[in-house]
Each structure stands twice: as C-alpha cells, then as structure tokens.
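Given next are the chains, with one letter for each unit.
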Amino acid sequence: MEIDRIDGRTPNQLRPLTCSRNVLNRAHGSSSWSQGDTKVLAAVYGPKAGTKKNENPEKTCIEVIWKPKTGQTGKSEREYEMILKRTLQSICILTVNPNTTTLVIIQVVNDDGAVSFKVAICCGLAESGYVILDPAKLEEQKMKAFPYLVFPNSVLSVLPEGSPKVEGELMENGIITSVTQGAMAVDNYFHCLERGRAANEKMSAFLRRSLQPQLPG
C-alpha cells in the first residue's frame with residue numbers, strides 16, 4: 001500500500017535541494033543547505049592552536065555547536081552535537097593539523113522535517129510498514145520510526161574510473177553513521193538502507209554539480 005504524500009512526491013523522491021558556499025564573511029568556511037523548506041547554515045572556525053584537556057594532542061579536536069531556530073539549546077541539540085562530532089571525526093583526516101581545534105556551528109534557519117542531522121539521509125517508517133524518503137514535518141508526525149543514515153560519498157561522482165574497495169567490499173556500500181528514532185523490524189531497516197543508498201547517489205551528484213564551478217580547472 002502506497003502513501004499519498006502531501007506535496008505530491010513519490011515515496012523515494014527527495015525534496016528540492018539547494019546549497020551555497022562562503023555565505024558568512026567572518027567564518028573560515030561556511031555554507032547554507034536547503035531541502036524543501038528545511039534550511040540550515042553551517043560555519044567553520046579554525047583550526048586554532050590548542051585542544052581541550054582530555055583530547056589527543058596528536059590529532060585535531062572537532063567541536064560542534066547546534067543552535068535551534070528559537071529557544072535555548074536542549075537535550076536534543078546536545079545529542080545532535082555528539083552525533084555530528086563523531087561523524088565528522090570518522091570522515092576527517094585528524095592528523096593533518098595536530099594539537100588544534102576546529103569549531104563547527106550549525107544554525108537551524110527553518111525546520112520543515114528531517115532537520116535533525118543534515119549530513120544524513122532520513123527515511124520515515126509508517127505504521128503500515130511503508131517507507132518514505134525525506135519526510136516533511138507533517139509527514140514526520142505520522143511516522144512510527146526514523147533512521148538517519150550517513151553514507152560514504154558516491155565514488156562515481158569523484159572517481160569515475162572505478163570504485164575502491166575496503167576489505168573486499170565496495171566503499172559506497174559502507175555506512176558511516178546510523179541513528180534510529182523509534183523501533184522498527186530488521187527488514188524495514190534494510191529497506192531504509194536501500195532507499196538511503198539510492199538517495200545518496202543523487203545527493204552526491206547534486207553536490208558535485210553545485211561545487212564544480214568553484215573547483216580549480
């Protein structure tokens with residue numbers, strides 16, 4: 001049984017994507033990301049010399065601050081900070097700038113669903129077991145569970161000559177971060193993985209096209 005989506009999208013269709021770089025003057029790096037009516041700003045400061053007391057001085061320390069659209073930072077935002085920090089630690093080369101700290105600030109501009117981890121692809125699981133991709137706010141309210149998935153960048157978008165392997169497995173078949181809110185059966189989770197991987201290829205291609213004009217020739 002299919003679900004009629006409020007905006008007319010198909011179950012495996014992402015909302016329109018837009019992204020821009022260098023949108024903030026004082027940050028060392030910045031970007032805006034929109035997915036439908038959901039929008040966030042990201043700012044990066046650093047690397048700056050020194051790390052916190054309990055951090056490894058032989059690596060870069062990554063700190064994350066997540067700011068909601070309104071109100072004070074709460075439990076949810078602290079959870080987002082921890083998950084995003086661990087995700088960035090797993091994909092960044094931390095030994096390039098040892099004994100330094102890089103600060104990442106995420107500001108939610110508007111939340112119309114799937115805002116929790118904008119580095120991730122979100123799927124929604126309905127009570128009927130049906131899976132939809134990238135749910136909007138009103139759709140989220142009808143879902144029983146949400147997996148947020150971060151995949152490696154599609155190597156076809158950066159290495160068209162072939163796909164590298166890690167321990168015999170294609171790199172793009174891996175997963176970097178998986179966070180589930182709510183409960184779902186294993187079969188439903190793997191269905192979400194399948195939908196997420198297909199969406200990741202589209203998102204990787206979009207990012208590549210968006211950044212292409214800014215790459216050196």
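Look above for the structure.
Because the structure is predicted, anything quoted here is derived from the model rather than measured.

> How would you explain the sheet that holds strand β11 (residues 177–182) if you had to name every residue and give the values?
Within the open sheet, the 4 strands sit side by side as β7-β6-β8-β11. Their pairing is antiparallel. Strands at the two margins of the open sheet, each flanked by one partner only, are β7 (131–133) and β11. The average undirected angle you get between the axes of adjacent strands in this sheet is 20 degrees. Of the strand pairs in this sheet, strand β6 (residues 121–126) and strand β8 (residues 143–150) are connected by 4 bridges, and their pairing is antiparallel. Of the residues in β8, the one forming a bridge with Ala 126 is Met 143. Where helix α3 (residues 186–211) meets the sheet, it contacts β6, β7, β8 and β11, and its direction lies at approximately 145 degrees from that of β6.

> Please set out the sheet that holds strand β4 (residues 60–67) residue by residue, giving values where relevant.
The 5 strands lie next to each other as β1-β2-β3-β5-β4, forming an open sheet whose pairing is mixed. If you trace the sheet from one side to the other, it starts and ends with β1 (17–21) and β4, each paired once. The mean angle between the axes of side-by-side strands here comes to 15 degrees, regardless of whether they run parallel or antiparallel. Helix α1 (residues 75–91) rests against β4 and β5 (100–110) of the sheet, and its axis sits at about 145 degrees to β4. Contacts from α3 reach β1 and β2 (29–35), with the element oriented near 40 degrees to β1.

> Residue-level account of unusual backbone geometry, with values.
Note the cis peptide between Gly 46 and Pro 47, where omega equals 10 degrees. Along the chain, Pro 47 turns up in strand β3 (residues 38–49). Phi is positive for Asn 22, close to 55 degrees, though the residue is something other than glycine. If you trace the backbone, Asn 22 turns up in the loop between β1 and β2. Notably, Asn 99 is not glycine yet its phi reads approximately 55 degrees, a positive angle. Among the structural elements, Asn 99 can be located in the loop between α1 and β5. We classify Asn 99 as partly exposed; its relative accessible area is 38%.

> For α3, give the residues involved together with the corresponding values.
Relative to the 38 Å expected for 26 residues at 1.5 Å per residue, α3 spans 36 Å between its end C-alpha atoms, a close match to the ideal helical length. Along α3, the residues that are buried comprise Asn 188, Cys 192, Leu 193, Arg 195, Gly 196, Ala 199, Asn 200, Met 203, Ser 204 and Phe 206. Looking at the buried residues of α3, the elements they touch are β1, β2, β6, β7 and β8.

Cut-offs and rules
- Residues numbered from 1 in each chain as written.
- Predicted model: local features only at pLDDT ≥ 70, side-chain atom pairs only at ≥ 80, totals over all residues.
- Heavy atoms only, no water.
- Pairing = 2+ DSSP bridges.
- Helix = DSSP H or I, 4+ residues; strand = E, 2+ residues; numbered from the N terminus.
- Axes fitted to C-alpha atoms, helices over the stretch in contact; angles between N-to-C directions.
- Contact = heavy atoms within 4.5 Å.
- Buried < 20%, exposed > 50% of the residue type's maximum accessible area, 1.4 Å probe, protein only.
- Expected span 1.5 Å × (residues − 1).

Keep in mind these values describe shape, not function.
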